[in-house]
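Structural features, examined
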Amino acid sequence: MSTELPLERFVCQNPACPAQHHAQHGTIKLRRRYGPHRRRLLKCTACGAEFSELKGTPYWNARCSQDTVDAVVEHVTHGNSFVTTGHLVGCHRTTVARIVRVAGSHARHLHDLNARDLKVTSIQADERYGFVGRKKEAVWDATVIDPSSKFLIQGEIGERTAALTQSLLKHARARLTDPHGLVLFTDGFLSYQTLFPEVFGRPYRPARQGSRGRFPKTAYRIPRSAAHVRIIKEYAGKRIVNVRTEIAAGTQVRVNEELQRLGYHKPNTSAVERQNATARRMNPHLARKSLAFARLRIHRVSLAHLVQGIYNWCRVQRGLRSKLDVPKGRQLYLQRTPAMTIGLTDHVWKVRDWLSQPQGVSCRA
């Protein structure tokens, strides 16, 4: 059974409250319990507002039980379609869609709140091909991942253009502690090469030649601690015939240093490629060789955020486990999630506990 969230972790849900978004101030008190499940009705001593402990979570006003919401999230993020999930849970597919929309919005809020000040020294970026509405409307899922912890740093959905790449890299940069000290591994998409100096470089104003004419445009200098490596695949039809690497920015010394830290023999995008396969298993809208695609764009976006949150916080990965110094009975390894590996939390989150985090409350340890 999930434990109740301590009162000091709650924040007031009144937008006009002077103490809003400031947890652990002791302003939230227990007013009373209500309903057959003995939910807590909370009161803010700063503004006098009363609200349920479920306010600000996908369980609020869900018109179904918490177990149903948990079951929908579990089934959908295991690759089941909305119709199949409705049959398994015992509800209509429109109910499944509504839960996914609310839970996806909640997942995005939690990610924006917690995925910040990340200490990473390299990232990998790639895109996944999919559809929305019908097969002719292609939509791409662009992803940035930390290859060391397998943590999904940023995800964007849209057409595969320079605008999508720019949004992906800029949002990923905002989540990093040191954006000037990392190595970016990408495929041969030219937008990454064009935008890398602008996003991860240091801007400066070149001197004007002479006293007339316009001032030169802002230029960007690549720090010695940064680099960009392109892994370019050459095709013959649908078959890969050659893979070559190219250092688009930075030095070979910095790239070799990062490869040694990651344990790679040569530059690659293996972490993000494997995550692409995992995402296709978790997201029914990305299943290959099928007609499983999102009817509405909002469902595609919401489910992508939901899958990202479950992947980072609730799903352990065998490759991330660490050997215990002192075995606990027959347990020799500590099972870890990407969020544990990157240092955001110290335990594996259950779906119920993760969805129960109210808006404005951080999950970080």
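The paragraphs below set out a description of the structure included in this document. Remember, predicted model here, so these are calculated numbers, not experimental data. Within each chain, residues carry numbers counting from 1 in the order of the written sequence. Given that this is a predicted model, residues contribute local features only at a pLDDT of at least 70 and side-chain atom pairs are listed and counted only at 80 or more, while totals for whole chains, interfaces and linings are drawn from all residues. Hydrogens and water are ignored here; the side-chain numbers use all heavy atoms of the structure.

1. Remarks on the pairing of strand S6 (residues 152-158)
In plain terms, the rule: The classification of residues rests on relative accessible area computed with a 1.4 Å probe and restricted to protein chains. Under 20% of the type maximum is buried, over 50% is exposed, and intermediate values are partly exposed. Secondary structure elements are taken from DSSP: a helix is a run of H or I of four residues or more, a strand is a run of E of two residues or more, and numbering for both begins at the N terminus. Two strands qualify as a pair provided DSSP detects at least 2 bridges between them.
Where burial is concerned, most of S6 is hidden: 5 out of the 7 residues are buried. Alignment of strand S5 (residues 134-145) against S6, held across 6 bridges, turns out to be antiparallel. The residue of S6 that forms the bridge with Trp140 is Gly158.

2. What to know about the environment of Val361
Put simply, the rule is: Contacts are assigned to residue pairs with any non-hydrogen atoms lying within 4.5 Å of each other.
Relative to the assigned elements, Val361 resides in the segment after helix H10 (351-355). Sequence separation between Val361 and His265 is 96 residues, and the spatial gap between their C-alpha atoms is 41 Å. Aside from chain neighbours lying at most four places away, what touches Val361 is Arg9, Phe10, Val11, Leu110 and Leu113.

3. A short note on the packing of helix H2 (residues 82-89) against helix H3 (residues 93-114)
For clarity, the threshold we go by: Only the stretch in contact is used when fitting a helix axis, every axis being a line fitted to C-alpha atoms; angles between N-to-C directions are given from 0 to 180 degrees. Angular relationships are summarised with four words: roughly parallel below 35 degrees, roughly antiparallel beyond 145, roughly perpendicular across 65 to 115, and oblique for the angles in between. Residues are grouped as follows: Ala, Val, Leu, Ile, Met, Phe, Trp, Tyr, Cys and Pro are nonpolar; Asp, Glu, Lys and Arg are charged; every other residue, Gly included, is polar.
The contact between H2 and H3 brings their axes to 8 Å, and the two run at 105°. The angle between H2 and H3 places the two elements in the roughly perpendicular class. Facing Phe82, Val83, Thr85 and Gly86 of H2, the residues of H3 in contact are Arg93, Val96, Ala97 and Val100. A per-class count over the contact of H2 with H3 returns 5 nonpolar, 2 polar and 1 charged.

4. Describing the environment of Ser52
Filter applied, for reference: Polar contacts, as counted here, are pairs of nitrogen or oxygen atoms within 3.5 Å of one another; within protein the pair requires one atom able to donate a hydrogen and one able to accept it, and residues that are adjacent in sequence qualify only if both atoms are side-chain atoms.
Inspection of the secondary structure puts Ser52 in strand S3 (residues 50-52). Here the alpha-carbon distance between Ser52 and Thr94, two residues 42 residues apart in the chain, equals 25 Å. What Ser52 contacts, discounting residues up to four positions off in sequence, is Tyr34, Arg40, Leu41 and Trp60. Within the structure, the side chain of Ser52 is placed 3.1 Å from the backbone nitrogen of Leu54, a separation counted as a polar contact.

5. A word on the sheet that holds strand S10 (residues 227-236)
Taken together, the 6 strands give an open sheet; going across it, the order is S6-S5-S4-S7-S10-S11, and neighbouring strands pair in mixed fashion. Sheet topology places S6 and strand S11 (239-249) at the edges, where each strand pairs with a single neighbour. Each strand axis lies, on average, 20° off the axis of its neighbour in the sheet, ignoring direction. Where S10 meets S11, 9 bridges bridge the pair, whose relative direction is antiparallel. Paired with Tyr235 across the bridge in S11 is Ile240.

6. Side note on the sheet that holds strand S1 (residues 28-34)
Read across the sheet, 3 strands follow the order S1-S2-S3 without closing on themselves; strand pairing throughout is antiparallel. Two strands lie at the open edges of the sheet, namely S1 and S3, each paired on one side alone. Each strand of the sheet is rotated relative to its neighbour by a mean of 30°, with strand direction disregarded. In terms of strand pairing, strand S2 (residues 39-44) meets S3 through 3 bridges, oriented antiparallel. Within S3, the residue paired with Leu41 across the bridge is Ser52.

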